[in-house]
Amino acid sequence: MFKVQSIWPHQNSIKVEWNLGKRCNYDCSYCWPWIHNNTDPHKSLEDLLRATNLLHEKFTKGQSVNFIISGGEPTANPAFLDWLRYLHSFDHNISLHSNGSRKPEYYREIIHYGNLNLSLHFEFYNREKFVKVVEAVADEKAKSAGKTGHLEVKFMMAPHNHKDRKSTRLNSSHVKRS
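First, a word on scope: everything that follows refers to the structure included in this document. Quick caveat, the model's predicted, so the values are computed rather than measured.

Considerations on the overall build of the protein
And then number 1: Looking only at helices and strands, the protein features five helices and five strands.
And then number 2: Order of helices (α) and strands (β) in the protein, N terminus to C terminus: β-α-β-α-β-α-β-α-β-α.
And then number 3: Here the contacts in the protein between residues at least 6 apart in sequence split such that 72% fall between residues at least 24 apart.
And then number 4: Carbon together with sulfur atoms contributes 53% to the accessible area of the protein, which is approximately 10700 Å² in total.

Written out as structure tokens, the structure reads:
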């Protein structure tokens, strides 16, 4: 039998990096084919719940867990939100990586379950929609008085497309202030 423990005394938790699958609604030139595609089947809710329960039973055994969820695009999975709610019910720390392509209302809910790391992919994003997503999350965070996760936005571009960085200016003026 083995015991799971942190090698850092200040960090008494387990970190699980969960790649939910390769399925993604984008096809960025800089993303390798073995990391993403738009053809792999989604994991079913039953499979996700079974894997989560097995992880709890055999590995975490009631300990605090930091889940880092990525993919492909995790939110493309139709079962994702139900699974995220289930995972959150265990009071784990959750950090989600997403390309921000869902509707703003979707992310308004997600920010209550943990940290949200949005990646703006210059090859595929819709500026108006992405800004609405960021505004919706910022608005939800302001209304929740610090009871939500943090929001981080990463800018993703291919090195040969450095001109993209000039085409988008997302700064504090794009986000509503409370």
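Read on for the rest.
Points about helix α1 (residues 45–60)
And then number 1: Along α1, the residues classified as buried are Leu 48, Thr 52, Leu 55, His 56 and Thr 60. In a view along the axis of α1, the buried residues occupy a sector of 95°, so they form one face of it. Turned more than 90 degrees away from the buried face of α1 sit Glu 46, Arg 50, Glu 57 and Lys 58, all of them exposed.

Description of the pairing of strand β3 (residues 93–98)
And then number 1: Relative to β3, strand β2 (residues 65–70) runs parallel, the two being bridged by four bridges. Residue Ile 68 lies in a different strand from β3, and its bridge partner there is Ser 95.
And then number 2: The parallel pair β2 and β3, bridged by helix α2 (residues 80–88), forms a crossover whose chirality is right-handed.
And then number 3: The sheet contact formed by β3 and strand β4 (residues 115–121) spans four bridges and is parallel. Bridge pairing in β4 places Ser 98 opposite Leu 118.
And then number 4: As for the winding sense of the linkage, the β-α-β connection from β3 through helix α3 (residues 104–110) to β4 is right-handed.

A closer look at the environment of Leu 84
And then number 1: Here Leu 84 shows up in helix α2.
And then number 2: Exposure remark for Leu 84: the relative accessible area of 1% places this residue in the buried category.
And then number 3: Taking the C-alpha atoms as reference points, Leu 84 and Leu 48, separated by 36 residues in sequence, lie 9.7 Å from one another.
And then number 4: Here Leu 84 is in contact with Ile 69, Ile 94, Ile 110 and Tyr 113, once residues within four sequence places are set aside.

Rules behind the numbers
- Residues numbered from 1 in each chain as written.
- Predicted model: local features only at pLDDT ≥ 70, side-chain atom pairs only at ≥ 80, totals over all residues.
- Heavy atoms only, no water.
- Helix = DSSP H or I, 4+ residues; strand = E, 2+ residues; numbered from the N terminus.
- Contact = heavy atoms within 4.5 Å.
- Areas by Shrake-Rupley, 256 points an atom, 1.4 Å probe, with all protein chains shown as cover.
- Buried < 20%, exposed > 50% of the residue type's maximum accessible area, 1.4 Å probe, protein only.
- Arc of directions from axis to C-beta.
- Pairing = 2+ DSSP bridges.
- Right-handed = clockwise from strand over helix to strand, strands pointing away.

Note that every value here comes from positions in space, so none of it alone points to a role or purpose.
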